[in-house]
Amino acid sequence: MSYVFPWLWKVESRRLLWLLGLTFALIVTFQYVELPYSISSLFSSTKMPVSRNSTSLIGDRQHHNDNFTPAMVPSFSQNNATLVDDSDKEAVFQPSLPTSNSSPVKENATATAPVASVEAPAALPGLKPSPVKDNATVNVASAKVAAALPGLKPSPVKDNATVNVASAKVAAALPGLKPSPVKDNATVNVASAKVAAALPGLNQSPLKQNATLPRTSKVHDKNSTKEDVGDASPVVRFVPDIKENAKTTDSGVMSIYEMSKQLRRNRISHNRLAKKPKWVTKPDLELLQAKHEIENAPIDDKDPLLYAPLYHNVSIFKRSYEMMEEMLKVYVYKEGDKPIMHTPRLGGIYSSEGWFMKLIESNNKYVTKDATKAHLFYLPFSSQMLEETLYVKNSHSHCNLIKYLKDYIDFISIKYPFWNRTSGADHFLAACHDWAPSETRKHFSKTIRALCNSDVKEGFVFGKDTSLPETYVRDPKKPLSNIGGKSASKRPTLAFFAGQPDHGYVRPILLSYWGNNKDPDLKIFGKLPRSKGNKNYLQFMKRSKYCICAKGYEVNSPRVVEAIFYDCVPVIISDNFVPPFFEALNWESFAVFVLEKDIPNLKKILMSISERRYKQLQMRVKRVQKHFLWHVKPEKYDMFHMILHSVWFNRIFQISV
């Protein structure tokens with residue numbers, strides 16, 4: 001019996017170990033199935049970029065001391081009208097997409113299968129293509145099916161092969177594709193010049209005889225359809241289905257804090273899923289180097305020109321701006337007819353796009369004539385002149401406007417290889433007209449868009465698009481005239497607003513609650529009586545503590561920049577409006593955001609802000625003012641440079657090779 005018990009103990013121990021092992025295996029298997037990526041990838045360094053500073057200016061502003069803790073993004077609570085700190089939450093990661101390979105093509109095979117039958121191999125991962133050999137004839141007429149097969153490598157074409165590249169645009173759908181060698185008396189018919197964009201090292205294709213610039217005719221294209229060019233109505237706004245676009249809350253409103261989180265998520269997902277250029281250039285490598293230096297920027301919050309609380313991360317902003325000054329080169333397309341192209345208008349509420357166009361086209365520091373050295377490509381069209389030139393009054397259609405832009409892109413993509421290399425990802429535009437988001441939504445889906453109408457619900461893509469300040473320049477010869485206002489102690493009016501009462505749905509609500517002198521502290525008017533130099537309007541802004549920036553037809557308003565111009569704290573009433581230079585500036589440090597539904601509580605919200613807090617806000621408005629000024633000759637950190645920096649910064653964190 002003395003030998004039985006030790007034997008039984010060993011048996012039971014083995015069973016226990018087997019049971020524990022089986023349990024652990026089941027847990028690991030369950031986690032592997034349930035999680036969006038494998039267990040091993042949980043510990044991969046590629047899931048989250050790690051650097052001294054954040055890869056984004058958003059949400060990582062730090063206290064620069066030995067024992068710093070990350071500063072939480074402040075938000076304005078509308079319930080009690082006090083500033084609160086919201087702790088950041090973990091970003092959501094998107095799983096990477098699997099790749100598949102096509103079925104093999106054997107010797108002497110003739111590849112003439114229709115698209116419907118060729119698409120089947122995409123569902124069979126693991127199958128690898130064999131080379132096309134000896135006298136094979138390849139018909140690429142329906143080769144666009146290759147777009148469904150990422151990771152596919154072309155096989156060499158050998159021995160008297162005949163290649164028909166009639167639809168060679170398929171190359172654009174194959175990231176990483178390298179041109180296969182054509183050997184031994186092969187005949188190549190390059191019917192489409194666009195194939196050159198997929199072949200690095202190929203000389204620029206000549207301008208074809210049938211390639212023409214778009215015409216500035218107001219005649220509506222009868223063949224245009226909504227499916228081709230988007231919604232025909234100039235009033236109805238598009239709500240595109242964009243995966244990387246922001247998700248609003250149940251109430252349909254996205255707060256500034258949620259916008260910051262969305263920007264971080266988009267940067268992470270873009271780094272994982274971004275389509276690589278068809279070939280890598282030296283400027284691409286320079287951008288990668290700049291990205292590394294910006295991510296690892298040394299802590300520097302002592303610059304007298306940069307007041308740290310105004311920025312999400314002043315160290316990253318400063319280093320990024322320095323790298324832009326040292327490195328950035330922009331190529332400006334010379335093609336295009338006036339007045340839509342190359343015709344800057346410097347006055348009025350859409351003047352931002354005109355001022356930027358004028359200053360970039362005359363700039364010698366950033367503009368290069370050698371397109372191969374360019375990091376960015378500027379599309380020099382005016383959305384305002386596009387509307388004034390082509391829109392047919394009362395037609396309720398802007399299909400011909402969209403078609404004009406599409407024709408222009410087709411023209412430069414045939415004449416030059418640059419657009420096709422990245423599908424326009426290294427191109428950018430600056431457009432201030434209300435219709436610009438819908439007019440550029442489809443054909444400029446990869447392009448960096450600087451938009452005045454920066455509406456979350458109209459397809460503004462965080463991390464790609466940037467918010468363009470809407471400025472009302474009254475005197476183009478003296479853009480800084482009447483700048484500034486009364487000191488904080490000499491502003492007797494609590495809040496001021498004046499504007500067209502029938503523009504949009506917000507202003508009638510504002511006027512119904514607070515208009516017509518319903519409250520002596522709030523000067524809320526419709527359209528003010530005309531005065532020389534608009535002095536009534538200017539004086540109200542100069543002596544009011546808060547300037548109400550209520551949306552009109554769209555989310556944007558020139559009053560935001562006007563308030564800053566006259567040292568007045570902006571109160572923004574425009575749900576889902578992405579404020580200018582959002583990538584860099586911490587707007588809640590110098591502005592107040594009021595939800596549209598809280599208009600009845602407007603005075604209560606403003607009165608709850610202490611005098612000390614108001615003086616702090618006004619002081620910061622004066623410090624941030626330099627970022628919102630136009631100069632005839634651009635100055636450091638002014639509006640021109642801030643717009644250029646926003647485009648540069650978004651491109652930096654989109655680059656993928």
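These notes cover the structure that comes with them. Since this is a predicted model, take the numbers as computed values, not measurements.

1. A word on the state of the cysteines
Here, disulfide denotes a covalent bond that connects the sulfur atoms of two cysteines. Evaluated as defined, the whole model comprises 2 disulfides. Each sulfur in the disulfide pair Cys432 and Cys452 lies 2.0 Å from the other. Taking the sign of the torsion about the S-S bond as the criterion, the disulfide between Cys432 and Cys452, at about -90 degrees, is left-handed. You can see Cys432 sitting in the loop between strand E9 (427-431) and helix H11 (436-440) and its partner Cys452 sitting in the loop between strand E10 (448-451) and strand E11 (466-467), a full 20 residues away along the chain. Residue Cys547 pairs covalently with Cys568 via a disulfide, S to S 2.2 Å. Taking the sign of the S-S torsion, 110 degrees for the link of Cys547 and Cys568, the bridge is right-handed. Here the residue Cys547 occupies a position in strand E14 (residues 544-550), and Cys568 occupies one in the loop between helix H14 (559-565) and strand E15 (569-573), the gap between them amounting to 21 residues. For the pair shown, Cys547 and Cys568 are each scored as buried. By sequence-ordered numbering of the bonded cysteines, the protein has its disulfides arranged as 1-2, 3-4.

2. Topic: the sheet that holds strand E7 (residues 330-332)
Here we have 5 strands laid out as an open sheet, ordered E7-E8-E9-E10-E11, and parallel in their pairing. Among the strands making up the open sheet, the edge pair consists of E7 and E11. Relative to E9, helix H7 (residues 351-361) is tilted by about 135 degrees, and along the sheet it contacts E7, strand E8 (376-378) and E9.

3. Describing the packing of helix H8 (residues 383-390) against helix H9 (residues 399-415)
Their axes nearest at 10 Å, the elements H8 and H9 cross at an angle of 125 degrees. Classified by the interaxial angle, the pair formed by H8 and H9 is oblique. Note that H8 runs across H9; the crossing there is right-handed. Where H8 abuts H9, its residues Leu386, Glu387 and Leu390 lie against Asn400, Leu401, Tyr404 and Leu405. Looking at the contact of H8 with H9 residue by residue, the class counts come to 5 nonpolar, 1 polar and 1 charged.

4. Considerations on the packing of helix H5 (residues 282-295) against helix H17 (residues 639-652)
Between H5 and H17, the shortest axis-to-axis distance is 9 Å and the interhelical angle comes to 95 degrees. Overall, the two elements H5 and H17 adopt an arrangement that is roughly perpendicular. Along its contact with H5, which presents Asp284, Leu287, Ala290, Lys291 and Ile294, the element H17 presents Trp648, Phe649, Arg651 and Ile652. In terms of residue class, the contact of H5 with H17 is built from 6 nonpolar, no polar and 3 charged.

5. Observations concerning helix H16 (residues 611-624)
With 14 residues, H16 should reach 20 Å at 1.5 Å per residue; the first-to-last C-alpha distance of 20 Å fits that figure. Turning to H16, its buried residues number three or more, namely Arg613, Tyr614, Leu617, Gln618, Arg620, Val621 and Val624. Summarising the axial view, the buried residues of H16 lie within an arc of 160 degrees, below the 170-degree limit, and thus occupy one face.

Rules and cut-offs
- Residues numbered from 1 in each chain as written.
- Predicted model: local features only at pLDDT ≥ 70, side-chain atom pairs only at ≥ 80, totals over all residues.
- Heavy atoms only, no water.
- Disulfide = S-S within 2.5 Å.
- Helix = DSSP H or I, 4+ residues; strand = E, 2+ residues; numbered from the N terminus.
- Buried < 20%, exposed > 50% of the residue type's maximum accessible area, 1.4 Å probe, protein only.
- Pairing = 2+ DSSP bridges.
- Contact = heavy atoms within 4.5 Å.
- Axes fitted to C-alpha atoms, helices over the stretch in contact; angles between N-to-C directions.
- Parallel < 35°, antiparallel > 145°, perpendicular 65-115°, else oblique.
- Left-handed = near helix turned anticlockwise from the far one by under 90°.
- Nonpolar A, V, L, I, M, F, W, Y, C, P; charged D, E, K, R; others polar.
- Expected span 1.5 Å × (residues − 1).
- Arc of directions from axis to C-beta.

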